[in-house]
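Structure at a glance
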Amino acid sequence: MRSEPTGGPELSGGGSPLAGAAEPADATDPALGRVRPGQPTPGATGRVGPGADEGLAEPDGLGRRQRHELWMRRALDVAVTGPELPAERAGADPLATGPAVDDVPVGAVVYGRDGAELAVGRNERELTGDPTAHAEVLALRRAAERLGRWRLDDCTLVVTLEPCTMCAGAIVLARISTVVFGAWEPKTGAAGSLWDVLRDRRLNHRPEVYPGVLAAENATVLRAFFR
Ligand SMILES: [Zn+2]
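Small disclaimer: the values here were computed from a predicted structure and weren't measured. Residue positions within a chain follow its written sequence, with the count starting from 1. Two thresholds apply to this predicted model, a pLDDT of at least 70 for residue-level local features and 80 or more for giving and counting side-chain atom pairs, whereas whole-chain, interface and lining totals are computed over all residues.

So, on to the UniProt feature "active site" (unreviewed entry) in the protein chain. The positions UniProt marks with the feature "active site" (unreviewed entry) are Glu136. Put simply, DSSP marks the helices as runs of H or I at least four residues long and the strands as runs of E at least two long, and each gets a number from the N terminus on. Looking at where Glu136 falls in the secondary structure, it is placed in helix H4 (residues 135-147). Our contact criterion uses C-beta atoms placed from the backbone: two residues qualify when those atoms are within 7 Å. Those residues in contact with Glu136 that lie beyond four places of it in its chain are Ala108, Gly121, Leu157, Val159, Pro163, Cys167, Ala170 and Ile171. UniProt positions are given in the numbering used here, feature names are shortened, and annotations may be inferred rather than shown by experiment.

Here it is in structure tokens:
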């Protein structure tokens, strides 16, 4: 089955001319990196500190937008080539590292407070036969394992596609401070499309959300898969 979690031709390319029209009417302008009307604005939620990159010095000289794009390119690389990481996954089961042709190419990366890469994940649902083996869940698990704690409140999760309800729930449970995602997913998205689990004010944890980063490129990779 290739019908989930992405929507193939309905994928939105964010602000791109490719599929901008498919984006929900109240969606954030990806070019501005803002959240939607009525939702907490990054930097206005009072959270400045670990993982919340508002106003923090940039040792590498990159602005936030540039850094998000750099991170997204890494996530896109994971989506396309698989989660193999020489330093972190050496010795891992080879079957779990190479890209599986039947799995929708979604990639996720967790970055620590200092911007160091902690863990990656690629959608492995078909490869492992595990309905929960989405890129975000795998990356969260590996990051938690590496840090030796479930609480990832100083971390940023970068993922090429808008998280589904399961992954958005896992992100909230992990206390991830910042989420950066690529293409919108109008069919299953839970970060603004169908639901907005990440910024639901009824929850006691709400990460900052930066949608639509390299949305067109991410959508192109997904469309190519479904073609
Ligand atoms: Zn998911």
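This part takes up the UniProt feature "binding site: Zn(2+)" (unreviewed entry) in the protein chain. Residues annotated by UniProt as "binding site: Zn(2+)" (unreviewed entry) correspond here to His134, Cys164 and Cys167. Maximum C-alpha separation among the annotated residues is 9.2 Å over a sequence range of 34 residues, consistent with a single clustered spot. As for its placement among the helices and strands, Cys164 is situated in the loop between strand E3 (156-161) and helix H5 (165-173). Note on placement: Cys167 falls in helix H5. In this structure, Cys167 is in contact with His134, Glu136 and Val137, ignoring residues within four places of it in sequence.

Moving on, we come to the sheet that holds strand E1 (residues 107-111). Strands pair, by our definition, only if DSSP identifies at least two bridges between them. The strand order across the open sheet built from five strands is E2-E1-E3-E4-E5, with neighbouring strands paired in mixed fashion. Of all the strands in the sheet, the pair left with one neighbour each is strand E2 (117-122) and strand E5 (208-210). Direction aside, the axes of adjacent strands within the sheet are offset by 15° on average. Every axis in this analysis is a line fitted to C-alpha atoms, fitted for helices over the stretch in contact. Angles between the N-to-C directions lie between 0 and 180 degrees.

With C-beta atoms placed from the backbone, the exposure class of a residue follows from how many other C-beta atoms lie within 10 Å of its own: 20 or more, buried; 12 or fewer, exposed; in between, partly exposed. Along H5, the residues that are buried comprise Cys167, Ala168, Ala170 and Ile171. Relative to the axis of H5, the buried residues are bounded by an arc of 160° and lie together on one face. Looking one or two places after H5, you find Arg175, whose phi comes out positive at around 65°. Within this analysis, the arc is defined by the directions that extend from the helix axis to the C-beta atoms.

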